[in-house]
Structures are given as C-alpha cells and as structure tokens.
Amino acid sequence: MYSPSPLLSRLIWAPAQDLGLLFLRLSGAMLLLYVHGLPKIMHFSGELRHIEDPLHIGRSFTLLFTIFAEVLCPLLIVPGILTRIASMAILLLLAVSMFLVHPGWSVVEGQFGWLLMIVFGAIAFMGAGCYSIDASLNGGASCHQKRGV
C-alpha cells in the first residue's frame, strides 16, 4: 500500500485540516449565535418566562447559562480563544436540550441540535487548529511542526 512521504503528507493535509477546523469554528459558532444566541438576548424577558428548567436550578440561571453557551462561547470560538472549553460548554447545553428538554424528538425534529453536537464535538476533540489565538498563545509549536518549520 502506498504511503506518501512525511513531508508530502504535511504539505497536503496539515493546511487542509487547519482550514477545515477554521471553517467548522466560524460556521458553527456564527450559526449558533445567529439562530439561538442573539434572539435570546433580544427577547430576554420573554425567554425568561418560557425557558425550560430541566435541572431545577432556576429559570434565571438556566437562561444565563444558555446565553453564556450560545453567545459568549461562540464569540470565543470564532477567533479561537479557549476553544475546547467553550465547545464543551456548548455540548453540555446541547446534551441537556436534546436529552432532558426534548427527549421525545425524532432525529428529524432534532437534526439541528444533532448537527451542532457533531460540529462542536469535532472542535472539542481536535481543538482550534493553527488559525487561532489558542495556537498563537501556545507559541504555534505544533503548527510549525506540521509545516516542517
């Protein structure tokens, strides 16, 4: 079985992986912010009256955590700041939503939530990639190794 040289492999795949992670971060974060986060801020009082409280921690705390996960975390993920932690907060919110708030939803009814779990799960596993502030703060060592610098 043919295996490309390590140098060829780095030249072909490392930039594509990092561009893919950048695409996942930008598209997933902006979609979550636009579809869920911003409406909750714009209609805060209405959301406070209607939000589910499946963990019985209070509607106010539930809504504040939801806004944290749907507004602040995407704003951290876009530039790649604390990306894995922010993704895990979103995954926690999505898990509560999918398993406790909407357990009766079919896959079709919950497809947006499942897709968001896939996107932010991938980001949580893989990290922000080279095109991020996380990588810059880390000295970019792993990015330089990928590029053979």
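Look up a bit, the structure's there.
Below, the structure is looked at part by part. (Residues numbered from 1 in each chain as written. Predicted model: local features only at pLDDT ≥ 70, side-chain atom pairs only at ≥ 80, totals over all residues. Heavy atoms only, no water.)

This part is about the packing of aromatic side chains. To describe a pair of aromatic rings, you give the distance between the ring centres and the angle between the ring planes. Scanning the model with the defined rule gives 2 aromatic pairs in all. Residues phenylalanine 65 and phenylalanine 68 carry aromatic rings whose centres are separated by 6.0 Å and whose planes lie at 40° to one another, so their mutual orientation is tilted. Of this pair, phenylalanine 65 and phenylalanine 68 both sit in helix H3 (residues 59-77), 3 residues apart, which is roughly one turn of the helix. Ring geometry for phenylalanine 99 versus tryptophan 114: centroids 5.7 Å apart, planes at 70°, classification edge-to-face. Of this pair, phenylalanine 99 sits in helix H4 (residues 83-101) while tryptophan 114 sits in helix H5 (residues 111-126); the two residues are 15 residues apart in sequence, bridging distant segments of the chain. (Phe/Tyr/Trp six-rings, centres within 6.5 Å; stacked < 30°, edge-to-face > 60°. Helix = DSSP H or I, 4+ residues; strand = E, 2+ residues; numbered from the N terminus.)

Per the counting criterion, the structure on display carries 1 salt bridge. Of the charged contacts in the structure, one is a salt bridge between glutamate 70 and lysine 40, with a shortest N-O distance of 3.0 Å. On the criterion of sequence distance, the pair formed by glutamate 70 in helix H3 and lysine 40 in helix H1 (residues 6-42) is long-range, its members being 30 residues apart. Per residue, the accessibility class of glutamate 70 equals that of lysine 40, and both read buried. (Salt bridge = Lys/Arg side-chain N within 4 Å of Asp/Glu carboxyl O. Buried < 20%, exposed > 50% of the residue type's maximum accessible area, 1.4 Å probe, protein only.)

Here histidine 56, not a glycine, exhibits a phi torsion of approximately 55°, which is positive. Checked against the element boundaries, histidine 56 lands in the loop between helix H2 (44-50) and H3. Owing to a relative accessible area of 70%, histidine 56 belongs among the exposed residues under this scheme. The backbone phi angle of leucine 82 is positive, close to 50°, even though this residue is not glycine. Locating leucine 82 in the fold gives a position in the loop between H3 and H4.

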